[in-house]
Amino acid sequence: MERPRVSVCHRHVTVHEAMSANLSKTQAQRIASVLREFWGFDSLRPLQEQAISAALAHRDSLLVMPTGGGKSLCYQVPPLVDGYVDIVVSPLISLMKDQVDGLKEAGVPARALHSALTASERREIHQRIAAGELRLLFTSPERLLMDGFLDMLKGQKVCRFAIDEAHCISQWGHDFRPEYRQLATLRQHIPGCTLHAFTATATPRVRQDIAEQLQLNDPLVLVGDVDRANLVYRILPKVDAERQTLEVLSRHVDEAAIVYCISRKETESLAKWLTEHKVVAKAYNAGMDAADRHRIQEDFANEKLDVVVATVAFGMGIDRSNVRCVIHTGMPKSIEHYQQETGRAGRDGLEAECVLLYSAGDAIKWERIITQSAGEAADPGQWLRASMDLIHGMSHFASAPLCRHRALSEYFGQTYPKATCEACDVCLDEVDAVPDSTVLAQKIISCVVRAQQRFGVGQIVDILSGAQTENIRRYRHGELSTYGLLKELDKKQITALVYQLVDQKLLAREEGDYPILKLNAASVEILKGQREVKLAKVAAKAGKRTARGETDLQGVDAGLAAVLRKWRRDLALARGVPPYVIFPDTTLNALARIRPTNQRSLRLVSGVGERKAGQFGDALCREIAAYCRDRSLQSDVIANAPEPARPTRPAPVRPARESKSQVLDRVYDLFREGRTVPDVAATIDRALSTTCQYLVQFIYDTKPANVDPWVPPQVYKRVQREVAKASDFRLTPIFEAMNQEVPYEVIRIVLAHMKATGQLAGSVAESE
Ligand code: ADP
């Protein structure tokens, strides 16, 4: 088989740019209008366009994109463009159901065919396919390959199969499903059909395996940036898992969180402990009966339950897009697992936090589990070696104080372009080194020497902490000079420090049933004072700051966001769908920032498609209007809205060779007529942000008597009052002083006007 072509994409592709590549003008226009109509989106994300054009061109493809990257749109859009019925193969009923619910809400004719349907429901689906009324049919690989089903599809307008979660086909993936292997036979049943595989699992080995197993024919292989920029990673030494979990959760009150534990017992005890400490949490593990598990999944999806404490069994079926926090109380057994599990956070693209409580003891637990189960593998020796490598890789990742984003990208074979991510504990400078780390290390190592390199971690910790145990007495370790040398620390802390030395390979730990601590060359250098050591503080300060405030929530009215969340939950309940199917949190935040009270401004909000605007737009606008009225809050804050939908083609409205000064002339005329910013932006085909800058310039140049067409007088007065109190005219303090309720653009316009009309003596800082 020909090697697949690979394209790695790190940057955003505009619809404009990408469409010039492969698509006909009609297809490009159709995609733009489908996006707008059903999803309320203005542009495609990186690689979405290439994947969509491969499907429309009937070429096999494989798209690797991290969770939340937007894979679903790539198989949802093509049939709406060219009128085929596309079949989507999905491994779980819950995943199919969620997607179909979402598509139906958006007005897309989609159905799921699975074992839970009645005979008449199945009949109805067959009839709709025959009548050409469906665009998307979701089903499992088993059902698809059942006798007769593919024959039924013959002669229908069916020629594309999207294989979701395609890593299930690979035994190197996490969720190997043997049924997926038979999908390669699809082509024998429907000659000429094309296969389009989608996965978030990025290792080259899995990628190659998918292409080979599905026998993809000269596929277009698209590999997205593996980095999840919206996730903030933190790795803390595990000291007290319960309290540390509680502390992290306290930063996410009323938000969705998943807490992963290694064992079933831990899930139950931690959920109980959290509940006793006023965090409503439920345990979830494979040992529970199916009905209970199902109920917890549903409650979580429907936002009736926010915190689930689970084993990895709580996995693929979780489609809640606003999970704001994933905590691992134990180390996952590979970086692939870590990536997959943390990947369930922030699928909506908003910031989310991933905290791993790390102890090298967990690596040892995994080693034991793996060793015990090696006998079941086909080639135990090879399997054991591969599994151990994965465990050690994860352990090394967790203990090395290096940028987490960079380390993950590099592990998956990609280079990380930024010097600092500003989104992990290392880059946020939260990883404190223990003062006198080197002295501490010397104390620990000399204790190992005094104990004659014959004991394991437990006994060394007992000696250092001055414990009085049977073994201390038996070996007369109380007489050692290092006995009680670290008694000011508790045992958990000392254990964590010893393991840090082991992980950094500064102390050797033998393999076997009783792993003895020994010195290596590095330990000797430390003892001789020839080597400095950096040990991470055991109780690290966490959550100092994150990137969120500056990006996602700027200008979002928190009270309104809460009101809208309730409105969404009630509506979802009434319609029998999960809340994120109504609107994801990104859209909800945009609504709470822009506060539309009429259909016109509502349609400027990204994520509000025509169907949803029509169905519940009026009710939504009334809700927002009432909220703003009660609080004298500015509504329809369109100065800060995203760009309005602009046709990707045909050519822009402005004449081709219009110079900047000609544009400005035109803009000034429009502003003189009192036209609003979105109106002017649409007329001159410029971004709203650029148009706002023009407005500021217009105000400076023409000194209008007031800025009423762009800022309501009561808002103007409010900013004016704040400016009078401010010591300088930086935007952020003014923005903060008004509880983030007045957008930056509006403050900037008022400041410009005050300055232009001589109300301010000094100069206005506008750099923020
Ligand atoms: P994946 O399947 O890769 O995990 P999803 O398809 O669930 O990702 O998309 C994640 C989120 O991104 C969803 O909320 C989706 O609506 C949103 N999204 C996808 N494509 C776009 C786009 N072009 N513009 C805006 N939002 C998008």
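The present account deals with the structure reproduced in this document. Source: prediction; values computed, not measured. (Residues numbered from 1 in each chain as written. Predicted model: local features only at pLDDT ≥ 70, side-chain atom pairs only at ≥ 80, totals over all residues. Heavy atoms only, no water.)

### A closer look at the sheet that holds strand 12 (residues 307–310)
Right, on to step 1. The strand order 9-14-13-10-12-11 describes an open sheet built from 6 strands, whose pairing is parallel. Single-partner strands in this sheet number two, and they are strand 9 (231–237) and strand 11 (281–284). The mean angle between the axes of side-by-side strands here comes to 15°, regardless of whether they run parallel or antiparallel. (Pairing = 2+ DSSP bridges. Helix = DSSP H or I, 4+ residues; strand = E, 2+ residues; numbered from the N terminus. Axes fitted to C-alpha atoms, helices over the stretch in contact; angles between N-to-C directions.)

### Focus on the nonpolar core
When a protein is soluble and globular, its nonpolar side chains tend to lie buried together.
Right, on to step 1. If you look at the biggest cluster of nonpolar residues, it comprises 75 residues, and the most contacted ones within it are F314, L501 and L507.
Right, on to step 2. If you count residues domain by domain, this core takes at least three from each of domain 2 (231–411) and domain 3 (437–527).
Right, on to step 3. Residues within four places of L501 in sequence aside, it is in contact with A441, I444, I445, L506, L507, V533 and L535.
Right, on to step 4. With 39 residues, the next largest nonpolar core counts C692, V707, M738 and L760 among its residues. (Core = buried A, V, L, I, M, F, W, Y, C linked by side-chain atoms within 4.5 Å. Buried < 20%, exposed > 50% of the residue type's maximum accessible area, 1.4 Å probe, protein only. Domains from an automatic or database assignment. Contact = heavy atoms within 4.5 Å.)

### Considerations on the site of the ligand
Right, on to step 1. The local shell around the ligand holds 14 residues, among which S43, G68, K71, S72 and R347 are the closest.
Right, on to step 2. Separating a nitrogen atom of the ligand from a backbone N or O atom of S43 is a distance of 2.8 Å.
Right, on to step 3. R45 is positioned such that a nitrogen or oxygen atom in its side chain is 3.1 Å from an oxygen atom of the ligand.
Right, on to step 4. Starting from 570 Å² of accessible surface for the ligand in isolation, the protein chains cover 80%.
Right, on to step 5. Looking at the shell around the ligand, the element that brings in the most residues is helix 4 (residues 71–82), giving 3 residues. (Near = heavy atom within 4 Å. Polar contact = N/O pair within 3.5 Å; in protein donor to acceptor, adjacent residues only side chain to side chain. Areas by Shrake-Rupley, 256 points an atom, 1.4 Å probe, with all protein chains shown as cover.)

### Overview of the environment of T691
Right, on to step 1. Its place among the elements puts T691 in helix 31 (residues 688–702).
Right, on to step 2. Residue classification places T691 among the buried residues on the basis of a relative accessible area of 0%.
Right, on to step 3. The spatial distance from the C-alpha of T691 to the C-alpha of V677 is 6.5 Å, given a sequence separation of 14 residues.

### Examining the state of the cysteines
Right, on to step 1. A full pass over the atoms with the stated rule returns 0 disulfides.
Right, on to step 2. Cysteine C424 remains unbridged, with the sulfur of C421 as its closest cysteine sulfur at 3.6 Å.
Right, on to step 3. You can call C424 buried: its relative accessible area is 0%. (Disulfide = S-S within 2.5 Å.)

### Remarks on the pairing of strand 4 (residues 110–113)
Right, on to step 1. Taking every second residue as pointing to the same face, both faces of strand 4 are buried, with A110 and A112 on one and R111 and L113 on the other.
Right, on to step 2. Across 4 bridges, the pairing between strand 4 and strand 5 (residues 136–139) is parallel. Looking at the pairing, R111 lines up with L137 of strand 5.

### Description of empty space enclosed by the protein
Right, on to step 1. This model, assessed by the stated rule, comprises 5 cavities of 30 Å³ or more.
Right, on to step 2. Approximately 250 Å³ is the volume found for the largest cavity.
Right, on to step 3. Forming the walls of the largest cavity are 24 residues, and the residues nearest its centre are P237, A398, S399, Q500 and A536.
Right, on to step 4. Only strand 9, helix 16 (380–399) and helix 21 (491–503) provide two or more residues apiece to the lining of the largest cavity.
Right, on to step 5. When residues of the lining of the largest cavity are assigned to their parent elements, the largest contribution, 4 residues, is made by helix 21.
Right, on to step 6. A breakdown of the residues in the lining of the largest cavity according to their chemical character gives 13 nonpolar, 4 polar and 7 charged.
Right, on to step 7. Split by domain, the lining of the largest cavity shows at least three residues from each of two domains, domain 2 (231–411) and domain 3 (437–527). (1 Å grid on protein atoms, 1.4 Å probe; cavity = no way out; pocket = protein on both sides within 12 Å on 5 of 7 lines; lining within 4 Å. Points joined across faces, edges and corners; volume = space filled by probe spheres on them. Nonpolar A, V, L, I, M, F, W, Y, C, P; charged D, E, K, R; others polar.)

### Remarks on the pairing of strand 10 (residues 256–260)
Right, on to step 1. For strand 10, a buried count of 5 out of 5 residues is recorded, marking the element as mostly surrounded by other parts of the structure.
Right, on to step 2. Burial of the side chains of strand 10 extends over both faces: A256, I258 and Y260 are buried on one face and A257 and V259 on the other.
Right, on to step 3. In the sheet, strand 10 pairs with strand 13 (residues 323–328) via 5 bridges, with the strands oriented parallel. Looking across to strand 13, one finds that V259 is bridged to I327.
Right, on to step 4. Strand direction decides the pairing type here: strand 10 and strand 12, joined by 4 bridges, are parallel.

### Focus on the packing of aromatic side chains
Right, on to step 1. For the structure shown, the criterion picks out 16 aromatic pairs.
Right, on to step 2. On the basis of an interplanar angle of 70° and a centroid distance of 6.4 Å, the ring pair of Y75 and F138 is categorised as edge-to-face. With Y75 in helix 4 and F138 in strand 5, the pair connects residues that are 63 residues apart, well separated along the chain.
Right, on to step 3. Relative accessible area serves as the criterion here: at 1%, F138 is assigned to the buried category.
Right, on to step 4. With a centroid separation of 6.1 Å and an interplanar angle of 40°, the aromatic rings of Y233 and Y338 are classed as tilted. Within this pair, whereas Y233 is found in strand 9, its partner Y338 is found in helix 14 (residues 335–342), the two being separated by 105 residues in sequence. Of the two residues, Y233 and Y338, neither departs from the other in class, the shared state being buried.
Right, on to step 5. Here the aromatic residues Y668, F671, F698 and W710 are joined through ring pairs into a cluster of three or more. (Phe/Tyr/Trp six-rings, centres within 6.5 Å; stacked < 30°, edge-to-face > 60°.)

### Concerning helix 24 (residues 558–575)
Right, on to step 1. In a regular helix each residue adds 1.5 Å, so 18 residues correspond to 26 Å; helix 24 covers 25 Å between its end C-alpha atoms and thus fits that length.
Right, on to step 2. All of the buried residues in helix 24 are L560, A561, L564, W567, R568, L571 and A572. Down the axis, helix 24 shows its buried residues gathered within 135° of arc, on one side only. In helix 24, the exposed positions that point more than 90 degrees away from the buried face belong to A558 and L573.
Right, on to step 3. Looking at the buried residues of helix 24, the elements they touch are helix 25 (579–582), helix 26 (585–594) and helix 28 (610–630).
Right, on to step 4. One side-chain oxygen at the N-terminal end of helix 24 lies 3.2 Å from the backbone nitrogen of G559; it belongs to D557.
Right, on to step 5. G576 sits one or two residues past helix 24 and shows a positive phi near 70°. (Expected span 1.5 Å × (residues − 1). Arc of directions from axis to C-beta.)

### Topic: the pattern of salt bridges
Right, on to step 1. Under the counting rule described, the total for this entry stands at 34 salt bridges.
Right, on to step 2. Measuring nitrogen to oxygen at the nearest pair gives 3.8 Å for the salt bridge that ties E133 to R128.
Right, on to step 3. Relative accessible area serves as the criterion here: at 40%, E133 is assigned to the partly exposed category.
Right, on to step 4. Overall, R128 belongs to the partly exposed group, its relative accessible area being 24%.
Right, on to step 5. The salt bridge involving R320 is made with D306; its shortest N-O contact spans 2.9 Å. Linking R320 in the loop between strand 12 and strand 13 with D306 in the loop between helix 13 (290–301) and strand 12, this pair joins segments that are 14 residues apart in sequence. Both residues of the pair, R320 and D306, belong to the buried class.
Right, on to step 6. One network of salt bridges, in which partners are shared, links E303, R324, D348, R568 and D585. (Salt bridge = Lys/Arg side-chain N within 4 Å of Asp/Glu carboxyl O.)

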